[in-house]
Amino acid sequence: MDTIQNTTYFKGRGAQINTHNKFAANRYVAEHMEGLDEEFLEHSDTQLIEEHPKKIISVSDSPDLHMAYSVNPYQGCEHGCIYCYARNAHEYWGYSAGLDFERKIIVKRNAAALLEKQFNAKGYKPSVIMLSGNTDCYQPVERKLKITRSILEVMLDYRHPVSIISKNSLVLRDIDLLAELARLQLVQVAVTLNSLDEELRMKMEPRTVTAKGRLTVMRKLSDAGIPVMLMCAPIVPGLNSNEMPAVIEAAAAHGARAASYTIVRLNGAIGELFVDWVHKAYPERAEKVLHGIAACHGGKLNDSRWGIRMRGEGKEADSINQLFRLGLSRYMPDAGLPPLRLDLFTPRTGRQLELF
């Protein structure tokens, strides 16, 4: 029997399919006599999967990242952003990078305890830790589990510098901790915002906070003395690339003091997911968008070249860079965040010595 190809757009999800996990022997299929796809295209509840790692600080040797250390309390993300590079990592856990990534969330409840243990390890030297280098540490499940908040409590207790990246207004819940960390010059917050178009946001980032909501986050964090930057990422040629100056202008008006961007790249399973999504979400301009992405990456949708993959190359990438520079010079002429301090770090052994 032939498998029926579903062409209906599945609202409320970024991924429209469950792609095959390259590490799995079996393949996801949806074969029904009636030609329906209820098995996969259903609004099922989020499933939480417990993980008990022995260490929580991840180290990256990528020369494209200015922060090598990160802590990820969650793997998988309910936000469902179709372009998310973290989708590929879900395959290592035995799941699909597609719908599984949005519905099966791996949680690390012992993250704060592990972090404290590593801080007290012999020879540990502080370096700025990013929350999160993979999936959003303030995704919806954090409201209940509060793992990220417990991590920030440890950061404050040990006077350890931390950088946060998020697109969820839930970060405002922890403004008390963030304000205290900021007073000690120990925190920076990057808010991801790549479009002011609500229709595009609902399709490309279906379970995220609106652009207006993220601008409000910037304003409230900034008013509390917390350094805020705009992460204008990813830029997708033909979808949001023309909005860069307007996004930078809006962010600057709401307290953002710096900005950065990346160009989308569709490595691994993300390529299949994105191609399927863009043909369903924007069928009339799907090919133009895909050609624009390929034009930034040497004619391919994927790109793993150090030093090039994040910003791309060629005329399309140059035009995007010029738009970014134009917006930055016009609306953030003095862009920059204060450096985070490393000299305040105090492990438990240090505190014990202070008593004498």
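Residues numbered from 1 in each chain as written. Predicted model: local features only at pLDDT ≥ 70, side-chain atom pairs only at ≥ 80, totals over all residues. Heavy atoms only, no water.

Visitor: Can you walk me through the overall build of the protein chain in this structure?
Guide: Secondary structure assignment for the protein chain yields 12 helices and 10 strands. Expressed as a percentage of its 356 residues, the buried residues of the protein chain come to 53%. A total of about 16,700 Å² of accessible surface is found on the protein chain, and carbon and sulfur atoms cover 53% of it. (Helix = DSSP H or I, 4+ residues; strand = E, 2+ residues; numbered from the N terminus. Buried < 20%, exposed > 50% of the residue type's maximum accessible area, 1.4 Å probe, protein only. Areas by Shrake-Rupley, 256 points an atom, 1.4 Å probe, with all protein chains shown as cover.)

Visitor: I keep staring at the pairing of strand β9 (residues 228–235) and nothing clicks. Help me out?
Guide: A regular strand carries its side chains on alternate faces of the sheet. Among the 8 residues that make up β9, 8 are buried, leaving the element largely enclosed by the rest of the structure. Two strands pair when backbone bridges link them, and strand β8 (residues 187–192) and β9 are joined in this way by 4 bridges, in the parallel orientation. Counterpart to valine 189 in the pairing with β9 is valine 228. (Pairing = 2+ DSSP bridges.)

Visitor: Looking at this structure, how should I read the packing of helix α2 (residues 111–119) against helix α4 (residues 147–158)?
Guide: Between two packed helices, what matters for the description is the angle formed by their axes and the separation of those axes. Between α2 and α4, the least distance of the axes is 8 Å, while the angle of their chain directions is 25°. With respect to α4, the element α2 is oriented roughly parallel. By crossing handedness, the relation of α2 to α4 is classed as right-handed. Touching Ala111, Ala112, Leu115, Glu116 and Phe119 of α2 are Ile147, Ser150, Ile151, Val154, Met155 and Tyr158, all from α4. Partitioning the contact of α2 with α4 into residue classes produces 9 nonpolar, 1 polar and 1 charged. (Axes fitted to C-alpha atoms, helices over the stretch in contact; angles between N-to-C directions. Parallel < 35°, antiparallel > 145°, perpendicular 65-115°, else oblique. Left-handed = near helix turned anticlockwise from the far one by under 90°. Contact = heavy atoms within 4.5 Å. Nonpolar A, V, L, I, M, F, W, Y, C, P; charged D, E, K, R; others polar.)

Visitor: When you look at the sheet that holds strand β2 (residues 57–59) in this model, what are you seeing that I'm missing?
Guide: Pairing between the strands of a sheet is mediated by backbone hydrogen bonds and can be parallel or antiparallel. Strand order in this open sheet of 7 strands is β2-β3-β6-β7-β8-β9-β10, and the pairing throughout is mixed. What marks the edges here is a single partner per strand, and that holds for β2 and β10 (259–263). Here the average twist between neighbouring strands, direction ignored, is 25°. For strand β7 (residues 162–166) and β8, the ladder comprises 5 bridges, and the chain directions are parallel. Considered in β8, the bridge of valine 162 is made with valine 187. The strands touched by helix α7 (residues 211–223) within the sheet are β8 and β9, with β8 carrying the most contacts at an inclination of about 165°.

Visitor: Would you explain the nonpolar core in this entry?
Guide: The nonpolar side chains of a soluble globular protein tend to be buried, and buried together. Leu115 and Ile164 are the most contacted members of the largest nonpolar core, which totals 64 residues. In this structure, Met204, Ala269, Ile270 and Val289 belong to the second largest nonpolar core, which totals 26 residues. (Core = buried A, V, L, I, M, F, W, Y, C linked by side-chain atoms within 4.5 Å.)

Visitor: I'm lost on the state of the cysteines in this one. Help?
Guide: In protein structure, a disulfide is the covalent linkage between the sulfur atoms of two cysteines. Counted under the stated rule, the structure contains 0 disulfides. Of all cysteine sulfurs in the structure, the one in cysteine 77 sits closest to cysteine 81, which takes part in no disulfide; the separation is 6.4 Å. Taking relative accessible area as the criterion, cysteine 81 reaches 5% and is therefore assigned buried. The closest cysteine sulfur to the non-disulfide-bonded cysteine 137 is located on cysteine 77, 9.8 Å from its own sulfur. Residue cysteine 137 is classed as buried on the basis of its relative accessible area of 0%. (Disulfide = S-S within 2.5 Å.)

Visitor: Would you mind showing me how to read the environment of valine 289 here?
Guide: Within the secondary structure layout, valine 289 lies in helix α10 (residues 286–295). For the pair valine 289 and proline 237, spaced 52 residues apart in sequence, the C-alpha to C-alpha distance is 5.9 Å. Residues in contact with valine 289, not counting those within four places in the same chain, are Val236, Pro237, Gly238, Leu239, Phe274 and Val278.

Visitor: Explain the packing of helix α8 (residues 244–253) against helix α11 (residues 315–331) to me, please; I cannot follow it from the model alone.
Guide: Two elements in contact, α8 and α11, have axes whose closest approach is 8 Å; the angle formed by their N-to-C orientations is 30°. Here α8 is positioned roughly parallel relative to α11, judged by the angle of their axes. Read as a crossing pair, α8 and α11 show a hand that is right-handed. Contacts from Met244, Pro245, Ile248, Glu249 and Ala252 in α8 reach Ile320, Leu323, Phe324, Gly327, Leu328 and Tyr331 in α11. Looking at the contact of α8 with α11, its residues break down into 9 nonpolar, 1 polar and 1 charged.

Visitor: Is there a simple way to think about the sheet that holds strand β5 (residues 104–107) in this case?
Guide: Overall, mixed pairing links the 3 strands, which are arranged β1-β5-β4 in an open sheet. Each edge of the open sheet carries a strand with a single partner, namely β1 (47–50) and β4 (74–75). In the sheet, β1 pairs with β5 via 4 bridges, with the strands oriented parallel. In the strand pairing of β5, isoleucine 49 is matched with isoleucine 106.

Visitor: Mind showing me how you'd approach the environment of glycine 80 here?
Guide: Summarising the element assignment, glycine 80 is placed in the loop between β4 and α1 (99–103). In this structure glycine 80 comes out as buried when scored by relative accessible area, which is 2%. The spacing of glycine 80 and arginine 13 is 67 residues in sequence and 6.0 Å in space, taken between C-alpha atoms.

Visitor: Is there a simple way to explain the side chain of serine 70 in this structure?
Guide: Mapped onto the secondary structure, serine 70 falls in strand β3 (residues 69–71). The residues contacting serine 70, other than those within four sequence positions of it, are Ile56, Ile57, Ser58, Ile129, Met130 and Gly133.

Visitor: How do you make sense of the pattern of salt bridges when you look at a structure like this?
Guide: Two side chains bearing opposite charge may form a pair once their charged atoms approach each other closely. Within the structure shown, the criterion is met by 19 salt bridges. For glutamate 205, the salt bridge identified is with arginine 214, shortest N-O distance 2.6 Å. The exposure class of glutamate 205 is buried, given its relative accessible area of 1%. Where arginine 341 meets aspartate 343, a salt bridge forms, and the shortest distance between an N and an O atom there is 2.6 Å. Arginine 341 gets classed as partly exposed once you look at its relative accessible area, which sits at 33%. Judged by relative accessible area, aspartate 343 falls into the exposed class, the value being 55%. Within this structure, Glu142, Arg149, Glu153, Arg173, Asp174 and Asp176 form a network of salt bridges that share partners. (Salt bridge = Lys/Arg side-chain N within 4 Å of Asp/Glu carboxyl O.)

Geometry only, nothing functional implied.
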